[in-house]
Amino acid sequence: MVAGGKITREAAKMGLDRLEIDSLGLDANDRRLLNALIKFYGGGPVGVETLAAAIGEEAVTIEDVYEPYLMQIGFLSRTPRGRCATRAAYEHLGVKPPEPQDSGQQSFF
């Protein structure tokens, strides 16, 4: 644990586990936001006010506290229509991502 004023790997792991912080640095609130986005809104897009109401959080807190890191690690994207969970978020949470939709339009490529 802590020996001679040094923090060991085991002590750090135990502390992070107690705080419910996972290997990517996500805490319970980050996972709650992503789970709500995926389970209640099919991964998005969903407006920040709607998402805030769903998890009982202030929209400004989502924008200022949660979103920057989730966007930085590629788990969340902001679009003009709202917030969307990325495939990486689904995979990290152990949820099967939706299959890509066929738009019925031909591709230029």
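Up top is the structure.
Residues numbered from 1 in each chain as written. Predicted model: local features only at pLDDT ≥ 70, side-chain atom pairs only at ≥ 80, totals over all residues. Heavy atoms only, no water.

Some points on the packing of aromatic side chains
Move 1: Evaluation of the coordinates by the stated rule reveals one aromatic pair.
Move 2: Between Phe40 and Tyr41 the ring centres are 6.3 Å apart and the planes differ by 90°, which places this aromatic pair in the edge-to-face class. (Phe/Tyr/Trp six-rings, centres within 6.5 Å; stacked < 30°, edge-to-face > 60°.)

Observations concerning the pattern of salt bridges
Move 1: Enumeration over the complete set of coordinates arrives at eight salt bridges.
Move 2: Linking Arg87 and Glu91 is a salt bridge whose minimum nitrogen-to-oxygen distance equals 3.6 Å. You can see Arg87 and its partner Glu91 sitting in helix α5 (residues 87-93), four residues apart, about one turn around the helix.
Move 3: Under the relative-accessibility criterion, Glu91 is labelled exposed at 52%.
Move 4: Three or more residues are tied together by salt bridges with common partners; here these are Glu63, Glu67, Arg78 and Arg83. (Salt bridge = Lys/Arg side-chain N within 4 Å of Asp/Glu carboxyl O. Helix = DSSP H or I, 4+ residues; strand = E, 2+ residues; numbered from the N terminus. Buried < 20%, exposed > 50% of the residue type's maximum accessible area, 1.4 Å probe, protein only.)

A short note on the pairing of strand β4 (residues 82-85)
Move 1: Summarising the sheet, strand β3 (residues 76-79) and β4 pair through four bridges and their orientation is antiparallel. If you follow Thr79 over to β4, its bridge partner there is Gly82. (Pairing = 2+ DSSP bridges.)

Quick word on unusual backbone geometry
Move 1: Of note, the bond from Gly44 into Pro45 is cis; its omega dihedral lies within 30 degrees of zero at 5°.
Move 2: The topology assignment puts Pro45 in the loop between α2 (28-41) and α3 (48-55).
Move 3: Positive phi is not limited to glycine here, since Glu20 has a value of about 60°.
Move 4: With respect to the helices, strands and loops of the structure, Glu20 is situated in the loop between α1 (9-18) and α2.
Move 5: Exposure remark for Glu20: the relative accessible area of 46% places this residue in the partly exposed category.

Focus on α3
Move 1: Within α3, the full set of buried residues consists of Val48, Leu51, Ala52 and Ile55. Taken around the axis of α3, the buried residues stretch over an arc of 100°, which confines them to a single face. Exposed residues lying more than 90 degrees from the buried face of α3 are Glu49 and Ala53.
Move 2: In the core, the buried residues of α3 are packed alongside α2, α4 (59-72) and β4. (Arc of directions from axis to C-beta. Contact = heavy atoms within 4.5 Å.)

Purely geometric stuff here, so don't read any function into it on its own.
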